[in-house]
Amino acid sequence: MPDKAKVLLDPHFRTMAEIFSAADRERLYDTAEVVWGRDDPMPPEEAREALAGATAVVCSEWRYGPLPDDTPDLRAVISVSGAFPNKLDYQACRERGIRVLSAAPAFGRQVAEMALGLALASCREIAAGDAAMRAGEERWLHAGNASTFMLYDQPVGFIGYGALARNLQPLLAPFGVRISAYDPWLGDGFLRRQGVQPVSLPELLEASRFVFVLAAPSSENQALLSRELLERVRRDAVVVLVSRAHVVDFDALTEFVLAGRFRAAIDVFPDEPLAPDHPIRGAGGAVLSAHRAGSVREGMWDIGQMVVDDLEAIVAGLPPRRLQAAEPELVGRVVRP
């Protein structure tokens, strides 16, 4: 029987139990000889020695210095952080046929579910209604719905059409919404074939009752939603921010929500933890969540499932299908949160 392929498994800052279910951990050890596989970070010198015989490296970040020349079997570097590793020589990886993969798609289901929940919590005023009930200030029946509205049949805009959007779209399908999308990294024809209407960003903001901010941070989209563009948001709209605050002028967003210009449902903030005295905490038109969209236990096991699925393929000499590949045209433009 041939020797198993070796996989250097160094997931710190994540833990083994966090990303691997018992079943996927068993599959992992059936698939490969695991080197390290502990919660503590692997000492860099030990890691560099292990790289010589490894078929794949699974890590949260590349902490091992320059890519060694003596790694003839290395076929993949897999990040479990949800972003592509910094400090990795992508050009050398391309020249040597080493795939660089990210577990970003593993966050799609749980973040999409939260985005839907935040949208409903905002338009139906679920959190505000709960707070009023606990304070004995509730309004019953019609009076309690004077300023609520429904998600059904509304125009929806996606800013970014990546893994988050693709997971959110089927969740919205039962509501009969009409989805438009803005994503400068994708062609209009592709977007139309996904069942969404490509539009400019101003058009999206002016037309959408629900605006979902789903774009990954890049060197090109910091404060993409500027003060000027936020002024175009419909006055009866909800802005749902679940990707990164990097994409939004957060000061302007806070100002507009405090003024009642539109509503917002927010899971990510420029600085975390959020300062106790940040004015967004006092915004009645905001539903706030402490960056909880992507940290559900069962959802985190999607990371391990995808990693093992693709390791099975890589070990068998087949292309990986589940994780996100670092594309030469884009990898240098993505900003690590």
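Residues numbered from 1 in each chain as written. Predicted model: local features only at pLDDT ≥ 70, side-chain atom pairs only at ≥ 80, totals over all residues. Heavy atoms only, no water.

### Remarks on helix 7 (residues 163-172)
Step number 1: Along helix 7, the positions that sit buried rather than exposed are Leu164, Ala165, Leu168, Gln169 and Leu172. Along helix 7, the residues classed as buried sweep out an arc of 130° about the axis, all on the same side.
Step number 2: Where helix 7 is buried, its residues touch helix 5 (108-123), strand 6 (155-159), strand 7 (178-182) and strand 9 (210-213). (Buried < 20%, exposed > 50% of the residue type's maximum accessible area, 1.4 Å probe, protein only. Helix = DSSP H or I, 4+ residues; strand = E, 2+ residues; numbered from the N terminus. Arc of directions from axis to C-beta. Contact = heavy atoms within 4.5 Å.)

### Section: a nonpolar patch on the surface
Step number 1: Side chains of Met133, Trp140 and Leu141 sit close together on the surface and give an oily, nonpolar patch of about 400 Å² of accessible area.
Step number 2: Along the polypeptide, Leu141 turns up in the loop between helix 6 (126-134) and strand 6. (Patch = residues over 30% accessible without salt bridge, like charges linked within 9 Å, V, L, I, M, F, W, Y side chains within 5 Å. Areas by Shrake-Rupley, 256 points an atom, 1.4 Å probe, with all protein chains shown as cover. Salt bridge = Lys/Arg side-chain N within 4 Å of Asp/Glu carboxyl O.)

### Considering the packing of aromatic side chains
Step number 1: Inspection of the entire model under this criterion finds seven aromatic pairs.
Step number 2: Between the aromatic rings of Tyr152 and Phe175, the centroid separation amounts to 4.9 Å while the plane-to-plane angle is 50°, which identifies the pairing as tilted. In this pair, Tyr152 sits in the loop between helix 6 and strand 6 while Phe175 sits in the loop between helix 7 and strand 7, placing the two residues 23 residues apart along the sequence.
Step number 3: Relative to Phe262, the ring of Phe256 lies with its centre 6.0 Å away and its plane at 50°, an arrangement referred to as tilted. (Phe/Tyr/Trp six-rings, centres within 6.5 Å; stacked < 30°, edge-to-face > 60°.)

### Remarks on the pattern of salt bridges
Step number 1: Taken as a whole and judged by the stated rule, the model has 14 salt bridges.
Step number 2: The partner of Glu206 in a salt bridge is Arg232, and the shortest N-O contact between them spans 2.4 Å. Remark: Arg232 occurs in the loop between helix 10 (227-230) and strand 10 (238-241) and Glu206 occurs in helix 9 (residues 201-207); sequence separation between them is 26 residues.
Step number 3: Using a relative accessible area of 39% as the deciding quantity, one classes Arg232 as partly exposed.
Step number 4: Two residues, Glu220 and Arg333, come together in a salt bridge whose shortest N-O distance is 2.4 Å.

### Notes on the pairing of strand 6
Step number 1: Among the five residues in strand 6, five count as buried, and that is most of the element.
Step number 2: Side chains of strand 6 alternate between two faces, with Pro155, Gly157 and Ile159 and Val156 and Phe158 buried alike.
Step number 3: Bridge count for strand 6 against strand 7 is five bridges, and the pairing is parallel. For Phe158, the partnering residue across the bridge sits in strand 7 and is Ala181.
Step number 4: Both strand 6 and strand 9 contribute to a ladder of four bridges, which runs parallel. (Pairing = 2+ DSSP bridges.)

### So, the side chain of Gln154
Step number 1: Summarising the element assignment, Gln154 is placed in the loop between helix 6 and strand 6.
Step number 2: A residue is classified by how much of its surface remains accessible, and Gln154, at 14% relative accessible area, is buried.
Step number 3: If near-sequence neighbours (up to four positions away) are discounted, Gln154 is found in contact with Phe149, Val177, Arg178, Arg209 and Phe210.

### Thoughts on the sheet that holds strand 2 (residues 33-36)
Step number 1: Pairing in this open sheet of six strands is mixed, and the strands run 2-1-3-4-5-13 from one edge to the other. Edge positions in the open sheet fall to strand 2 and strand 13 (324-325), since each of these has one partner strand only.
Step number 2: Where strand 1 (residues 6-10) meets strand 2, four bridges bridge the pair, whose relative direction is parallel. Along strand 2, the bridge assignment pairs Leu9 with Trp36.

### A word on the packing of helix 2 (residues 22-31) against helix 12 (residues 297-315)
Step number 1: Between helix 2 and helix 12, the least distance of the axes is 9 Å, while the angle of their chain directions is 20°. Classified by the angle between their axes, helix 2 and helix 12 sit roughly parallel to one another. Crossing hand, helix 2 versus helix 12: left-handed. Touching Asp24, Arg27, Leu28 and Thr31 of helix 2 are Trp301, Gly304, Gln305, Val308, Asp309, Leu311, Glu312 and Val315, all from helix 12.
Step number 2: Grouping the amino acids of the contact of helix 2 with helix 12 by side-chain chemistry returns five nonpolar, three polar and four charged. (Axes fitted to C-alpha atoms, helices over the stretch in contact; angles between N-to-C directions. Parallel < 35°, antiparallel > 145°, perpendicular 65-115°, else oblique. Left-handed = near helix turned anticlockwise from the far one by under 90°. Nonpolar A, V, L, I, M, F, W, Y, C, P; charged D, E, K, R; others polar.)

### What to know about the nonpolar core
Step number 1: Grouped together as the largest cluster of nonpolar side chains are 58 residues, with contacts concentrated most on Phe158, Leu172 and Phe212.
Step number 2: Looking at this core element by element, the count peaks at nine residues for helix 5.
Step number 3: For Phe158, the contacting residues outside a window of four places in its chain are Ala165, Leu168, Gln169, Leu172, Ile179, Ser180, Ala181, Tyr182, Leu204, Phe212 and Leu214.
Step number 4: Counting 31 residues, the second-largest nonpolar core is a separate cluster that includes Leu201, Leu204, Ala252 and Leu274. (Core = buried A, V, L, I, M, F, W, Y, C linked by side-chain atoms within 4.5 Å.)

### Quick notes on the sheet that holds strand 8 (residues 197-198)
Step number 1: On the basis of which strands lie adjacent, the open sheet formed by seven strands has the order 8-7-6-9-10-11-12 and parallel pairing. At either end of the open sheet lies a strand with only one pairing partner, and these are strand 8 and strand 12 (286-288).
Step number 2: In the packing of helix 11 (residues 250-258) onto the sheet, contacts are made with strand 10, strand 11 (263-266) and strand 12, and the angle to strand 11 comes to roughly 130°.

### Observations concerning the pairing of strand 5 (residues 99-102)
Step number 1: Pairing analysis gives four bridges linking strand 4 (residues 76-79) to strand 5, with the strands arranged parallel. When the bridges of strand 5 are listed, Ile78 appears paired with Leu101.
Step number 2: Crossover handedness for the path strand 4 to helix 4 (residues 90-95) to strand 5: right-handed.
Step number 3: Sheet topology note: the strand 5/strand 13 ladder contains two bridges and is antiparallel. Within strand 13, the position partnered with Ser102 by the bridge is Gln324. (Right-handed = clockwise from strand over helix to strand, strands pointing away.)

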